[in-house]
There are 2 protein chains.
Amino acid sequence: MKDTSDIPVVEEWNCPMPDIAKLIGGKWKLIILQILIFQGTKRFNELRKMIDGVTQTMLTQQLRALERDGLVHRKVYPEVPPRVEYTATQRALNLTDVFEAMHDWWVKDND
Amino acid sequence: MKDTSDIPVVEEWNCPMPDIAKLIGGKWKLIILQILIFQGTKRFNELRKMIDGVTQTMLTQQLRALERDGLVHRKVYPEVPPRVEYTATQRALNLTDVFEAMHDWWVKDND
DNA sequence: GTATATAGTATTGTTTTTCATACTAATGTG
DNA sequence: CACATTAGTATGAAAAACAATACTATATAC
């Protein structure tokens, strides 16, 4: 960052993109959210089967991050074997327009 | 089984999210694109000043990736000192709805 | 008693991203 | 000549993301 220290930072608008990227960025979160938003509540292993290539560790980690950020609700049933259900919160459901805009954009020059 | 009838099941599509994430994911691309889309053509150093914390190397790299993916047009003027202008392509301009949806979502529970 | 099922955790290793620093070219200005 | 200017490259190091494997608990079915 030394090589930009001589350049004054223009701070005229508050760009939320870095914050948004923290919430829904990365390799898995968009995929997880899309499933929970458009297909409803899923159990852990259901998600694991639906998401190609994800490891158990990674899925757990991403779900915990989404839960921490209020995008996913986690419900544990005290049973054996364990049952845990994941549901999109209202905040996540509000992302529907974003997903649809992305989809439309993708379709526009890929179909 | 959990009742999920309150969740809007819109439409089931073939998940393009991993591909979309490759194009506009990461720490910098959304920021760069937003500037070029909403504020028009910028020179390299203008972008550098506007994007807080980005290094020269990183900015070059991200711009090259965006160019390769047809989201940014790069115009080099054969002058010394160098002048290079970056412009959002039509494909990038088509992302306007995505950005607006993201912005609206962000505003909804952060303002 | 053995196997199976589920949703994890712990640990270690690899791969990908990101950062810091030094360097370049060719011209105009003092 | 010395120096600033712009948009880069090259290189190595550090940090973050991601992956692979082994391990756990316990009720139920066989």
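This write-up is about the structure you can find in this document. (Residues numbered from 1 in each chain as written. Chains lettered and ligands numbered in written order. Predicted model: local features only at pLDDT ≥ 70, side-chain atom pairs only at ≥ 80, totals over all residues. Heavy atoms only, no water.)

Things to note about the overall build of chain A
- For chain A, the count of helices and strands is six helices and three strands.
- Relative to its full complement of 111 residues, chain A shows a buried share of 49%.
- Pairs at least 24 residues apart make up 50% of the contacts formed inside chain A by residues separated by at least 6 positions.
- Taken as a whole, chain A presents about 6100 Å² of accessible surface, with 50% of it coming from carbon and sulfur. (Helix = DSSP H or I, 4+ residues; strand = E, 2+ residues; numbered from the N terminus. Buried < 20%, exposed > 50% of the residue type's maximum accessible area, 1.4 Å probe, protein only. Contact = heavy atoms within 4.5 Å. Areas by Shrake-Rupley, 256 points an atom, 1.4 Å probe, with all protein chains shown as cover.)

Brief notes about the sheet that holds strand β2 (residues 72-77) of chain A
Residue and element names in this part refer to chain A.
- Here we have three strands laid out as an open sheet, ordered β1-β3-β2, and antiparallel in their pairing. The sheet is open, and its two borders are formed by β1 (42-43) and β2, each paired with just one other strand.
- Sheet analysis places β2 next to strand β3 (residues 83-88), joined by six bridges and oriented antiparallel. The partner of Tyr-77 across the bridge, within β3, is Arg-83.
- The strands touched by helix α2 (residues 29-39) within the sheet are β1, β2 and β3, with β3 carrying the most contacts at an inclination of about 85°.
- On top of the sheet, helix α4 (residues 56-68) reaches β2 and β3; it is set at about 115° to β2, its chief contact. (Pairing = 2+ DSSP bridges. Axes fitted to C-alpha atoms, helices over the stretch in contact; angles between N-to-C directions.)

As for the pattern of salt bridges
Residues and elements named next belong to chain A.
- All told, the structure shown has six salt bridges over all chains when counted by the stated rule.
- A salt bridge links Arg-68 to Asp-69, with the shortest nitrogen-to-oxygen separation between them at 3.7 Å.
- Residue classification places Asp-69 among the buried residues on the basis of a relative accessible area of 19%.
- Note that Glu-85 and Arg-83 form a salt bridge whose closest N and O atoms lie 3.3 Å from each other. In terms of burial, Glu-85 and Arg-83 fall into one category: buried.
- Look at the salt bridges and you will find they share partners, linking Glu-79, Arg-83 and Glu-85 into a network. (Salt bridge = Lys/Arg side-chain N within 4 Å of Asp/Glu carboxyl O.)

A word on the packing of helix α6 (residues 96-110) of chain A against helix α6 (residues 96-110) of chain B
- Between α6 of chain A and α6 of chain B, the least distance of the axes is 8 Å, while the angle of their chain directions is 175°. Relative to α6 of chain B, α6 of chain A is oriented roughly antiparallel. In this structure, α6 of chain A uses Asp-97, Val-98, Ala-101, Met-102 and Trp-105 of chain A to contact α6 of chain B, whose residues at the interface are Asp-97, Val-98, Ala-101, Met-102 and Trp-105 of chain B.
- Residue composition of the contact of α6 of chain A with α6 of chain B, by class: eight nonpolar, no polar and two charged. (Parallel < 35°, antiparallel > 145°, perpendicular 65-115°, else oblique. Nonpolar A, V, L, I, M, F, W, Y, C, P; charged D, E, K, R; others polar.)

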